[in-house]
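# A structural walkthrough
This is what each chain is made of:
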Amino acid sequence: MSHLTVSNISKQFDKNEVIKNLAFTVEKNEFVSILGPSGSGKSTIFSLIGGILSPDQGTIHLDHQVINGKRGFISYMPQTPSLLPWRTIVENVLLGQELQGKKEKEAALDMIDIAGLTGYENAYPHELSGGMKQRVSFIRALLSPQSIICLDEPFSALDELTRLDMQKWLLSIWEEHRRTILFVTHNIEEALFLSDRIIVLSNKPSQVAAEFHVPFSRPREESLFLEDEFLEWKRKIYYSLRKAQAPCSAAYGLEHSNRDKGNTVSIAARC
Amino acid sequence: MSHLTVSNISKQFDKNEVIKNLAFTVEKNEFVSILGPSGSGKSTIFSLIGGILSPDQGTIHLDHQVINGKRGFISYMPQTPSLLPWRTIVENVLLGQELQGKKEKEAALDMIDIAGLTGYENAYPHELSGGMKQRVSFIRALLSPQSIICLDEPFSALDELTRLDMQKWLLSIWEEHRRTILFVTHNIEEALFLSDRIIVLSNKPSQVAAEFHVPFSRPREESLFLEDEFLEWKRKIYYSLRKAQAPCSAAYGLEHSNRDKGNTVSIAARC
Amino acid sequence: SNSNSASESKEKDKHSLKKVSVVLDWTPNTNHTGLYVAKEKGYFKDEGLDVDIIMPGDAGADQLVASGKSEFGVSYQESITQARIQGVPLVSIAAVIQHNTSGFASPASKNIVSPKDFVGKTYGGWGSPVEKSVISSLMKKENADVNKVSIVNMGDTDFFTAVKRDIDFAWIYYAWTGVEAELRGEKLNMVYLTDYSDKLDYYTPVLATNENMIKENPDTVQAFVKAASKGYEFAIKHPSDAADILIKDMPDLDPNLVKKSQEWLASKYQDDAPRWGEQKQKVWENYASWMFDNGLLEKKLDAKKAFTNKFLPQ
Amino acid sequence: MVKIIAKGWRPLTVLLLLFIVWETVAIKSGVPDWLLPTPTKIFYEGFNGWFNFYPNLLSTIKLSLLGFALGLLIGLLTAILLHLLPFIRESIYPLLIISQNIPIIVLAPLLVIWFGFGLLPKMIVITLVCFFPITVAALDGFKQTSNELKHYMIMAGASNKQLFWKLELPYALPSLFSGLKISATYSVMGAVISEWLGAKEGIGVYMTLASSSFRTDRVFVAIFAIVALSLLFFSIIVLIERWLVRWQLKGAK
Amino acid sequence: MVKIIAKGWRPLTVLLLLFIVWETVAIKSGVPDWLLPTPTKIFYEGFNGWFNFYPNLLSTIKLSLLGFALGLLIGLLTAILLHLLPFIRESIYPLLIISQNIPIIVLAPLLVIWFGFGLLPKMIVITLVCFFPITVAALDGFKQTSNELKHYMIMAGASNKQLFWKLELPYALPSLFSGLKISATYSVMGAVISEWLGAKEGIGVYMTLASSSFRTDRVFVAIFAIVALSLLFFSIIVLIERWLVRWQLKGAK
Ligand SMILES: Nc1ncnc2c1ncn2[C@@H]1O[C@H](COP(=O)(O)OP(=O)(O)OP(=O)(O)O)[C@@H](O)[C@H]1O
Ligand SMILES: Nc1ncnc2c1ncn2[C@@H]1O[C@H](COP(=O)(O)OP(=O)(O)OP(=O)(O)O)[C@@H](O)[C@H]1O
Ligand SMILES: [Mg+2]
Ligand SMILES: [Mg+2]
């Protein structure tokens, strides 16, 4: 059985149907990315797995256990940094561990260092820039001990260089310690560079629109970004994303010529 | 005289020197982007222009007026959405205008519609996804009446399709109504696609590391992304960014082969 | 011999002294002098009692005594009358002052010398219907109409403050407030209740206990009253020394006021009665029937049960 | 409304239970009526004596409403003043605390001398009781305003007035309502106390008279009235809070 | 500490000014001493009568500290209980309000009859006065916890206990301190009132004695003592707040 099995779950808020019959699995130690339009329900999926919401229908299994509405099984990085304002950076970083029992201050300090936050160990969150807060939240999730890590757009507030750095760091940690990772991102390259598998969500009510097994071998180097196959895959996923959002783009009435020669395809679609 | 003139300003927090002798200008109706590493002081520059912080040294002119520490001259979109939780989406969108006197509810509803938030006019912020909140904050800034708009990473939480959509919409508004825009982003393509000029900041204490006049004619189409000249520029700016961060990447001790054939260059640098 | 008896009673203390308490009506004043003297001079100890004098504050004496929480208390005939009507088992065991020393006081400048002068004036009271009836009774004697008096509730406000402002006259105990006025050199006119109506010459204050005590521990009651009686007799004979005892126990009181009040009161404790503390059934009946006639009581009082003289020393 | 009624049964049950326990304990243990009457006796007296009691009740309601309104006004104004003029805050705060520590028995004569036995001194007493919790809670509420939102508002050019009305006041509402709840609860007792400054009617007057004539049942009628009034005021504040701060409730779901 | 002393001069100046105004007005307008003594007379009496007054002061300090501590404990426990067990909240809340509306004059005989004249009934009175603002403020504070942070904590597997200790309690601190400030201010008055339940010494006893023997100067000595104590308690709470909630102050800069 898969590590995480999401079987036909549905969720609606009042009359707003957000997820409908969504099903996917994540294997043990697999790195899976979720791509989908803004507002399609990616964060909601995490809330369902994390147990803060219960699906209206369907079940979520972790190993052999149904975890609908059960908490404490995931290491979580929310979309907003969510740092406790009265705790210093170290104390915030240690929070995830603290909730599960043990605290490793040494490891935390090391990680703060690698994330480029040296000197801010004892600063309070309001003294940090947006990207710095995001990195703190990221480290906090990495340090949490659960077997499955859910990251919600962890690098959205970072510049490209810092972002690449973080990605590589994440990869190196993951390749060494092997944990199951579920990763939400808007960046196709990021998803390709990091994941074993990519799940593309459709518009709301969201379902799995497409699924891709990323064929690149590991360990991956940043040179991957430049390989033709990588660009090929990028285009492929881009199209599938576009198709997933299609029903709406028609309604919006924009027509685009498919002059895509390069790696970036420009189609506006909106819901 | 330029519309906005920032002359040799410096700012430090306690012992943390963030900005040192920074100087740049923005012309009337110009679209200027600021690129720089995370934590380099981009948001701080906005705080200084917006008057919530005063520079330790130097002056900021708007037209012929010194606006050090003076408020109310900019339409502002902060890095975090900062919506008032007790106001519905429309009410939040109208807040910027309200502070300056007049309210145009019709225009607000139109914009909410174009931003893909139809049906959420009367929802409260906590009912929105991260990207949706960001769009609300974006519209709020657009609707504020001041002559200069400061946008702090407005599209960071959006998927690529929605992001492109927003970019094009911003361009169309700007081309029609012509206001001065100062735009912080981490995305080089975005900066190139939108701006007249790009300012690259160095690492903290930040100074202008490089400045680029973007030569592409207007109105710009999304096909621009595919032109060779665009890719050329992208690479150029990427290098300059990397150079700006160089003093640190050496310390970090990573060596990268410059095998950049494509559009994405992979260099890790961190501070 | 005094010190001898003191050490003797100390000895007694350890073995057989019975602990009882007496609850005052409010703060200590010259109405209570006899109790303080009896305690200080060892009269209580001589009777085998270890007496605790308690200021009850807001708790009030009557309920504490009635419920048996405290054995003895200081009360008033008015209270005991009303209490008994409601079934509260209080019994008066000695009148502290033989005649009612209360009356309507007013600054001399207001020219209120008899009840008919109340007409057109403002009375400051605490809102009890008794007040209007009393004023009415007095005024009837002089054929004046109580409805021409404006009655204002002045709550907790003290006399001197009240007459500074809207109030013309108020109901006071001369022994305390009247003496204070003398000390301040303020001239007062008094209209005493006793001068106009026999029925209003009731006992105020009195010592009280509850029915249960009388039934179960008559000896204790007897001992208590005996010692208290000795205390008050001392105060009658040696007002100055008695005052000193009260002042010594309660240094926060104003010594001048205590001394002067004590002097004024010394002759009033026993007055025309054969012995200190004596109560007449007539007085109890008179007042109760007056109250009943004025609609202040729901039923008639069984006066015999409300008081007793049997514990007074012969 | 339906929800509120539906929710209302629980506290009512508890009250009912309390009454039943009280009744049985009082009967079993033989506590005499003059010490602690049984609830049935109290309700009986309340019912029978209603026409005597009613004007007193009305008078106290009027007093406490007026006093609470005044306390709210003054409390809020003080808080706003101290918030907007931080340099006088330190100087004035001790005075506020002093105002809470002057015993009524001392204040009363002064108030009477200055203002007579009319409405004014009573208003002053109730206001003194009511304004303080409101001021403290409101001030602390203003102080808690989220920095992020404040940052946006100031950057967007909000004047101090706008900052206050559009951000700090709504943000302080939950905290302010804490203060209002405390004050509303105190307002009725405040009114009763103020009646000791000389009133012709009112629950306070009724109660002291009842107490001095050993009508313990009536004393308890008065207490029940005070409690019922306080509960009513408190509930009204809670209802207004639910309505004004409903965005918070929605978020909490 | 230096900063606090530096800040202390302002309220002190205001107090001094107040005294000067009072003194001159009292002398000019010829208010008699027995109605409103001048501050100099009051200080003179306070100084002269210090040895008589001192034990009373000590006794009241002890009472109010004990009572406040107990009130804090009970107030906090009640709030936590009601917060963690929302289904009993609705049922218990009315009881809390009732507790605030039983007049002391009614409660006093009952308390004395049940518990005698010892420490216990007095503690009960002070605790009744002190716990309510703390409970209300703490409850409202718990309720205000940021949803975003709560969301993270729950997702990260925080148990209810952890959620409470690591998030809700620290988040409620500013609000809780509002309540503490209100309570600390009331605690001294509460102690004074409790002394009316028959105490042998204490500021309350001293004050009633002084008042009944028309020693207005001593009454004011008592009031000054009450006010000074309250200010002291309040300041201590503020200091503790500054120290515990310093992250907020830092953010507000
Ligand atoms: N608490 C809530 N109450 C009501 N509606 C909600 C709530 N949370 C989310 N929604 C709705 O659910 C939908 C999906 O939200 P979600 O946050 O999961 O999107 P997302 O895929 O994470 O988007 P983004 O990329 O913008 O973060 C949205 O339409 C949103 O309005
Ligand atoms: N209120 C503050 N107190 C202390 N230090 C601060 C404060 N605000 C910002 N800083 C410091 O200033 C530096 C620049 O912060 P700023 O928010 O301007 O960065 P940024 O360029 O916007 O970064 P990002 O892209 O991550 O948002 C950081 O080192 C940060 O720690
Ligand atoms: Mg999301
Ligand atoms: Mg920033």
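As the structure is a prediction and not an experimental result, all values here were calculated from the model.

### Quick word on the nonpolar core
The biggest cluster of nonpolar side chains holds 253 residues, and the ones touching the most others in it are Leu35(C), Phe104(C), Leu207(C) and Phe224(C). When near neighbours in sequence (up to four residues on either side) are disregarded, Phe224(C) contacts Val22(C), Leu35(C), Phe44(C), Leu49(C), Val51(C), Phe72(C), Ile93(C) and Leu207(C).

### So, the environment of Asn256(C)
Residue and element names in this part refer to chain C. Position of Asn256 relative to the elements: it lies in helix α12 (residues 255-270). Take Asn256: its relative accessible area is 51%, and that puts it in the exposed class. Distance in space between the C-alpha atoms of Asn256 and Ala243 is 9.5 Å, their sequence separation being 13 residues.

### Points about the confidence of the model for chain A
Residue and element names in this part refer to chain A. Model confidence for chain A is summarised by a mean pLDDT of 85, while 90% of its residues fall at 70 or above. Looking over chain A, one finds the lowest element-wise mean pLDDT in helix α8 (residues 246-252), namely 44, and the highest in strand β3 (residues 31-35), namely 94. When the criterion is pLDDT under 50, residues 248-271 qualifies, and its contacts beyond four places in sequence or with other chains add up to 60 contacts.

### Notes on the coordination of the magnesium ion (ligand 3)
Residue and element names in this part refer to chain A. Surrounding the magnesium ion (ligand 3) are the protein donor atoms Ser43 (OG) and Gln79 (OE1), at 1.9 to 2.2 Å. Here Ser43 is found in helix α1 (residues 42-50), whereas its partner Gln79 is found in the loop between β6 (74-77) and α2 (89-100), with 36 residues between them in sequence. Its relative accessible area of 24% is what places Ser43 among the partly exposed residues.

### Examining the relation of the copies chain E and chain D
Least-squares fitting of chain E to chain D yields an RMSD of 0.2 Å, with the superposition described by an axial translation of 0.0 Å and a rotation of 180°. Such a turn and shift between the copies fits a two-fold axis. When each C-alpha of chain E is compared by its distance to the rotation axis, Ser175(E) comes out closest, at 3.5 Å. With an isologous cut-off of 70% or more, the 100% of interface residues of chain E that recur at the interface of chain D puts this contact in the isologous class.

### With respect to the pairing of strand β8 (residues 180-184) of chain B
Residue and element names in this part refer to chain B. In terms of burial, β8 is largely enclosed, as 5 of its 5 residues are buried. Neither face of β8 is exposed, since Thr180, Leu182 and Val184 on one face and Ile181 and Phe183 on the opposite face are all buried. Direction of pairing for strand β3 (residues 31-35) relative to β8: parallel, over a ladder of 4 bridges. Among the inter-strand pairings, Ser33 is bridged to a residue of β8, identified as Phe183. Here strand β7 (residues 148-152) runs beside β8; their pairing, made up of 5 bridges, is parallel. Paired with Ile148 across the strands is Thr180, a residue of β8. Traced from β7 through helix α5 (residues 160-177) to β8, the parallel crossover comes out right-handed.

### Side note on the sheet that holds strand β7 (residues 150-153) of chain C
All names here are of chain C. The mixed open sheet is built from 5 strands, whose spatial order is β7-β6-β8-β5-β9. Here the strands that pair on one side only, and so sit at the sheet edges, are β7 and β9 (188-192). Sheet twist, expressed as the mean angle between neighbouring strand axes with direction ignored, is 35°. For strand β5 (residues 102-107) and β9, the ladder comprises 5 bridges, and the chain directions are antiparallel. In the sheet register, Ala105 faces β9, and the bridge partner there is Met190.

### Comments concerning the confidence of the model for chain C
All names here are of chain C. On average, residues of chain C carry a pLDDT of 87, and 94% of them reach 70 or more. In this model residues 1-10 is a low-confidence stretch, pLDDT under 50, and it forms 2 contacts with partners more than four residues away in sequence or in other chains. Scored as a whole, the predicted complex attains pTM 0.84, and scored at its interfaces, ipTM 0.82.

### Quick notes on helix α7 (residues 228-244) of chain A
Because an α-helix completes one turn every 3.6 residues, residues spaced three or four positions apart along the sequence face the same direction. Compared with an ideal rise of 1.5 Å per residue, which puts 17 residues at 24 Å, α7(A) spans 24 Å between its outermost C-alpha atoms and is within 8% of the ideal. Those residues of α7(A) that sit buried are Phe230(A), Leu231(A), Trp233(A), Lys234(A), Ile237(A), Tyr238(A), Ser240(A), Leu241(A), Arg242(A) and Ala244(A).

### Here we look at the pattern of salt bridges
Where charged atoms from two side chains of opposite charge approach closely, those side chains can pair. The tally for this structure, following the rule as stated, stands at 47 salt bridges over all chains. Put simply, Glu241(D) and Lys181(D) hold a salt bridge, and the shortest N to O gap is 3.1 Å. Pair noted here: Glu241(D) is in helix α10 (residues 216-244) and Lys181(D) is in helix α8 (residues 160-195), with a separation of 60 residues, a long-range link. One exposure class covers both Glu241(D) and Lys181(D), and it is buried. Connected through salt bridges with shared partners, the residues Glu298(C), Glu45(D), Arg215(D), Asp217(D) and Arg218(D) form a single ionic network.

Conventions we followed
- Residues numbered from 1 in each chain as written.
- Chains lettered and ligands numbered in written order.
- Predicted model: local features only at pLDDT ≥ 70, side-chain atom pairs only at ≥ 80, totals over all residues.
- Heavy atoms only, no water.
- Core = buried A, V, L, I, M, F, W, Y, C linked by side-chain atoms within 4.5 Å.
- Buried < 20%, exposed > 50% of the residue type's maximum accessible area, 1.4 Å probe, protein only.
- Contact = heavy atoms within 4.5 Å.
- Helix = DSSP H or I, 4+ residues; strand = E, 2+ residues; numbered from the N terminus.
- pLDDT = per-residue confidence, 0-100.
- Donors = N, O, S within 2.8 Å, 3.2 Å for Na, K, Ca; no water.
- Least-squares fit on C-alpha atoms with pLDDT ≥ 70 in both.
- Pairing = 2+ DSSP bridges.
- Right-handed = clockwise from strand over helix to strand, strands pointing away.
- Axes fitted to C-alpha atoms, helices over the stretch in contact; angles between N-to-C directions.
- Expected span 1.5 Å × (residues − 1).
- Salt bridge = Lys/Arg side-chain N within 4 Å of Asp/Glu carboxyl O.

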